[in-house]
Amino acid sequence: EPEVTQTPSHQVTQMGQEVILRCVPISNHLYFYWYRQILGQKVEFLVSFYNNEISEKSEIFDDQFSVERPDGSNFTLKIRSTKLEDSAMYFCASSRLGQTIYGYTFGSGTRLTVV
Amino acid sequence: DQQVKQNSPSLSVQEGRISILNCDYTNSMFDYFLWYKKYPAEGPTFLISISSIKDKNEDGRFTVFLNKSAKHLSLHIVPSQPGDSAVYFCAASGETSGSRLTFGEGTQLTVNP
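## Brief notes about the overall build of chain B
So, step 1. Helices and strands together make up the secondary structure of chain B, namely 0 helices and 11 strands.
So, step 2. Listing each helix as α and each strand as β along chain B from the N terminus yields β-β-β-β-β-β-β-β-β-β-β.
So, step 3. The globule rule puts the C-alpha radius of gyration for 113 residues at 13 Å, and the 13 Å found for chain B is close to it.
So, step 4. Dimensions of chain B along its principal axes, counting C-alpha atoms only, are 45 × 30 × 20 Å.
So, step 5. The buried share of chain B, taken over its 113 residues, is 47%.
So, step 6. Within chain B, residue pairs in contact and separated by at least 24 positions form 54% of the contacts whose partners lie at least 6 positions apart.
So, step 7. If you sum the accessible surface of chain B, you get close to 5300 Å²; carbon and sulfur atoms cover 50% of it.
So, step 8. Chain B carries 10 positive and 11 negative side-chain charges, and their two centres are separated by 2 Å.

Okay, structure coming up:
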């Protein structure tokens, strides 16, 4: 079964530092997503990415956040200057057709702890 | 964001019996509804979906029912197995929300042997 791989599984960073979360989507998938889940809260949409550009982003995805597909296999989420409230589980997901009815494949997540 | 709501944080059932997980939504523009299952230390796993033009979709032990007039959907698992113990998320998307999924809070299902 193909998987979405996320690294690292856990990252601790100091407030104000930049952090990059990495994801390797399934190889024949064309649509990529980042979601996050703050402890005790809902899973929230951050951004979707297709054809090397952002196709949609949420209100959470402000100027501190950016995404990139640097080399055709990795998909990264960068947080420029982390805040305590960025502490959350970050999930990468991918899909082949981009239609939600077919579901996405999620990775296991990166737990980001900002101290 | 209260557009998708799962009012039961937990549900406990006996192995072999039916599990019924419920979800309510407020946004009448949602076109698709999905159920995901999540084990600890893993990402959500897609289970089953339904389009707003249908009222039922079945896949093996899993059936999703949609009641558009009540803005309510449910997931039935029959028969329940201990391996089904997980957090179940309801999610929705629509034309106006693009490809984003709006999730409910999740319900922890425990299936007792």
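More follows now that the structure is in view.
## A word on the pairing of strand 11 (residues 107-112) of chain B
Residues and elements named next belong to chain B.
So, step 1. With burial as the criterion, only one face of strand 11 is covered, namely that bearing Thr107, Leu109 and Val111; the residues Gln108, Thr110 and Asn112 on the opposite face remain uncovered.
So, step 2. Relative to strand 11, strand 2 (residues 10-14) is paired through 5 bridges, and the arrangement is parallel. Its bridge partner lying in strand 11, Ser12 is registered against Thr110.
So, step 3. In this sheet, strand 11 lies alongside strand 9 (residues 86-94) in antiparallel orientation, the contact comprising 3 bridges. Of the residues in strand 11, the one forming a bridge with Val87 is Gln108.

## Observations concerning the sheet that holds strand 1 (residues 5-7) of chain A
Residues and elements named next belong to chain A.
So, step 1. In spatial order, the strands read 1-3-8-7; together these 4 strands make up an open sheet with antiparallel pairing. Edge strands, defined here as strands with exactly one partner in the open sheet, are strand 1 and strand 7 (65-68). Across the sheet, the mean angle separating the axes of adjacent strands is 20° when strand polarity is ignored.
So, step 2. One ladder, built from 5 bridges, connects strand 3 (residues 19-24) with strand 8 (residues 75-79); its direction is antiparallel. Counted as the bridge partner of Cys23 is Phe75 from strand 8.

Scoring rules and cut-offs
Residues numbered from 1 in each chain as written. Chains lettered and ligands numbered in written order. Predicted model: local features only at pLDDT ≥ 70, side-chain atom pairs only at ≥ 80, totals over all residues. Heavy atoms only, no water. Helix = DSSP H or I, 4+ residues; strand = E, 2+ residues; numbered from the N terminus. Rg over C-alpha atoms; globule rule 2.2 N^0.38 Å. Buried < 20%, exposed > 50% of the residue type's maximum accessible area, 1.4 Å probe, protein only. Contact = heavy atoms within 4.5 Å. Areas by Shrake-Rupley, 256 points an atom, 1.4 Å probe, with all protein chains shown as cover. Lys, Arg positive; Asp, Glu negative; His and termini not counted. Charge placed at Lys NZ, Arg CZ, Asp CG, Glu CD. Pairing = 2+ DSSP bridges. Axes fitted to C-alpha atoms, helices over the stretch in contact; angles between N-to-C directions.

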